[in-house]
Amino acid sequence: MIALKEHLRKFEKGVFVLKLCPNIRMLMASTEVKPDRLTVARMRCKQWTCPVCSVRNLNAWRVHLSKTLTKRFSGVLWAFVTITAPGHLHGEPEATVTRLQVVWKRFYDILRRWAGRKVSYVYMYEAHGSGAYHIHALMDIGAIYDKWPVIYVWADPRRHHPMQIWLEDTLTSIGGGWVCDIRRVYTLNGGSAAMAAVAYAISYMAKSGSWVKFKKHARRIGVTRDIGGLPKLPKTGLTWFPVRELSIDDLISHGTIEDVSMRRKVLSGHFEHGYYPPLDPDHRGNKE
Ligand SMILES: [Zn+2]
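These figures come from a predicted structure and were not determined experimentally.

### Details of the overall build of the protein chain
Across its full length, the protein chain holds 8 helices and 12 strands. Expressed as a percentage of the 288 residues in the protein chain, the buried residues total 25%. Within the protein chain, contacts between residues at least 6 apart in sequence are counted, and of these 64% link residues at least 24 apart.

Encoded structure:
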C-alpha cells in the first residue's frame, strides 16, 4: 500500500481521487456519444503490477467467478491443487515457470484421462518469497476426491489421502516437484461451495508478487472455456476509435471534449505541453 500511495502522489491532477490507472495505454474517442462534442475514455493498462489495475482486476475476477461458479457450476464439488517445480530450479524463477508450463500440460492430460471426462479449472501462478513459482488450481474434481477413502497409515500426515499420493507420484514422474497438495474446498458455515471456491482462488490471485518478469512467457491466470476469462465490455453500438493522445488542436476543432473517465470537460489548462492526458513527464520525455 505504500507503493500505491507513492505512485499516486505523482499524479496530482485529480487522478488519485478517482483511482485511475497511472499507465494509460491510450484513449478511446467517439463523436457519437453526444453530437456536440468529442467524448474520450481512458483505457487502463490492466497489468497485475499496476497498483490501480491489480485491485480492479481482482474485483473483476471475483465478480466473474462468483457468477460463473454459482450459476453454471452450481452443485459442483471443487478441489484445490498446488503444483511446484523441482527444488533444483528454485533459484531461477524463470526456469520454474517454463517447467511448470510443461508439467501443467502433462498433468492435465493425465488427469483428464484418469477422470474420464473434461476437467474444468482456474489456475494461477504465484511467486513465492524465493522467486520460485507455483501453480494453484481450482478444479472440479471434488467428487472424485470424495470417492476415495481417507486412510491415515503413513507417518507423514500430509500423505493422508490416496489422491495426494497419486498426485505426488504423477507430478514427480512428469518433471514436477514432489512438493504438491490437493485438498477439497469445503463449504463454510452453510455457505455455498462455489463461494468458498471463489474465495480460495481470489486469495491466491491477490498475491501478484513479482509477476512482471514473466508476463511474456506465461499467462498468469488460465481457465477452461466453460469458465471463461473476464467478460469484454458490452458493445455500445457507437463507433469508438483509439487515440494515443489529444493535442490542443483537437480541442479547437471539436469545441468541447469530455473525458468520461475523469468525469469532466477537458479545458485548455488540462493540456500539458500541448498534450492530453497529462502524464508523468517520464512517459513523455521524448516529446519535449
Ligand atoms: Zn493500470
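### Details of the packing of helix α3 (residues 51-71) against helix α7 (residues 193-205)
Running from N to C, α3 and α7 cross one another at 155°; their axes reach a closest spacing of 9 Å. The orientation of α3 relative to α7 falls into the category roughly antiparallel. Of the two possible hands of crossing, α3 and α7 adopt the one that is right-handed. Along its contact with α3, which presents L58, W61, R62, L65, S66, L69 and T70, the element α7 presents A194, M195, A197, V198, A201, I202 and M205.

### Looking at α7
The terminal C-alpha atoms of α7, which comprises 13 residues, lie 19 Å apart, in line with the 18 Å expected from a rise of 1.5 Å per residue. What α7 keeps buried is the set A193, A194, A197, V198, A201, Y204 and M205. Taken around the axis of α7, the buried residues stretch over an arc of 140°, which confines them to a single face.

### Remarks on the pairing of strand β3 (residues 78-84)
Both faces of the sheet carry side chains from a regular strand, because those side chains alternate between them. Of all 7 residues making up β3, 6 are buried, and the element is well covered by its neighbours. As paired strands, β3 and strand β5 (residues 133-139) are joined by 6 bridges and run antiparallel to one another. In the sheet register, I83 faces β5, and the bridge partner there is I135.

### Overview of the sheet that holds strand β11 (residues 264-265)
The 5 strands are arranged β8-β1-β2-β10-β11 in an open sheet whose pairing can be described as mixed. Looking at the sheet topology across the chains shown, the edges are occupied by β8 (241-243) and β11. Here strand β1 (residues 26-30) runs beside strand β2 (residues 38-43); their pairing, made up of 5 bridges, is antiparallel. Residue pairing across strands places L27 opposite R42, the latter belonging to β2.

### Structural notes on α3
Quick reminder: α-helices carry 3.6 residues per turn. Residues three or four places apart thus point the same way. Here α3 contains 21 residues, and its C-alpha end-to-end distance of 31 Å stays within 8% of the 30 Å for a straight helix at 1.5 Å per residue. Buried within α3 are the following residues: V52, C53, N57, W61, L65 and L69.

### Some words on unusual backbone geometry
Put simply, Y276 and P277 share a cis peptide bond, and its omega is 0°. A positive phi is found at R263, a non-glycine position, where the angle reads about 50°. Relative to the elements of secondary structure, R263 occurs in the loop between β10 (257-259) and β11. The class of R263 is exposed, set by 9 C-beta atoms lying within 10 Å.

### Things to note about the nonpolar core
Side chains that are nonpolar tend, in soluble globular proteins, to be buried together. Formed by 43 residues in total, the largest nonpolar core has its most connected members in A79, I83, L138 and A197. Mapped onto this core, the elements with two or more residues apiece are α3, β3, α4 (93-115), β4 (121-127), β5, α6 (162-173), β6 (180-185) and α7. If you look at the next biggest cluster of nonpolar residues, it comprises 7 residues, including L38, V40, L246 and V266.

### Topic: the sheet that holds β3
Spatially, β6-β3-β5-β4-β7 is the arrangement adopted by the 5 strands of the open sheet, whose pairing is antiparallel. Single-partner strands in this sheet number two, and they are β6 and β7 (221-223). Within the sheet, the average angular offset between the axes of one strand and its neighbour, ignoring direction, is 15°. Packed on one face of the sheet, α4 meets β3, β4 and β5 and runs near 30° to β5.

### Regarding the environment of Y204
As for its position among the elements, Y204 is in helix α7. The exposure class of Y204 is buried, given the 21 C-beta atoms found within 10 Å. Sequence separation between Y204 and Y125 is 79 residues; the distance between their C-alpha atoms is 8.4 Å. Discounting residues that sit within four places of it in the chain, Y204 has contacts with M124, E126 and H136.

### A look at the confidence of the model for the protein chain
Summing up the model confidence of the protein chain, the mean pLDDT is 82 and the portion of residues at 70 or higher is 81%. When the elements of the protein chain are averaged for pLDDT, helix α2 (residues 15-18) gives the smallest value, 43, and β3 the largest, 95. Counting interchain partners and residues more than four positions distant, the pLDDT-below-50 stretch residues 6-18 has 12 contacts. Here residues 281-288 is a poorly scored stretch, pLDDT under 50, and it has 6 contacts once near neighbours within four places are set aside; other chains count.

Rules behind the numbers
Residues numbered from 1 in each chain as written. Predicted model: local features only at pLDDT ≥ 70, side-chain atom pairs only at ≥ 80, totals over all residues. Helix = DSSP H or I, 4+ residues; strand = E, 2+ residues; numbered from the N terminus. Buried ≥ 20, exposed ≤ 12 C-beta atoms within 10 Å, placed from the backbone. Contact = placed C-beta atoms within 7 Å. Axes fitted to C-alpha atoms, helices over the stretch in contact; angles between N-to-C directions. Parallel < 35°, antiparallel > 145°, perpendicular 65-115°, else oblique. Left-handed = near helix turned anticlockwise from the far one by under 90°. Expected span 1.5 Å × (residues − 1). Arc of directions from axis to C-beta. Pairing = 2+ DSSP bridges. Core = buried A, V, L, I, M, F, W, Y, C linked by C-beta atoms within 7 Å. pLDDT = per-residue confidence, 0-100.

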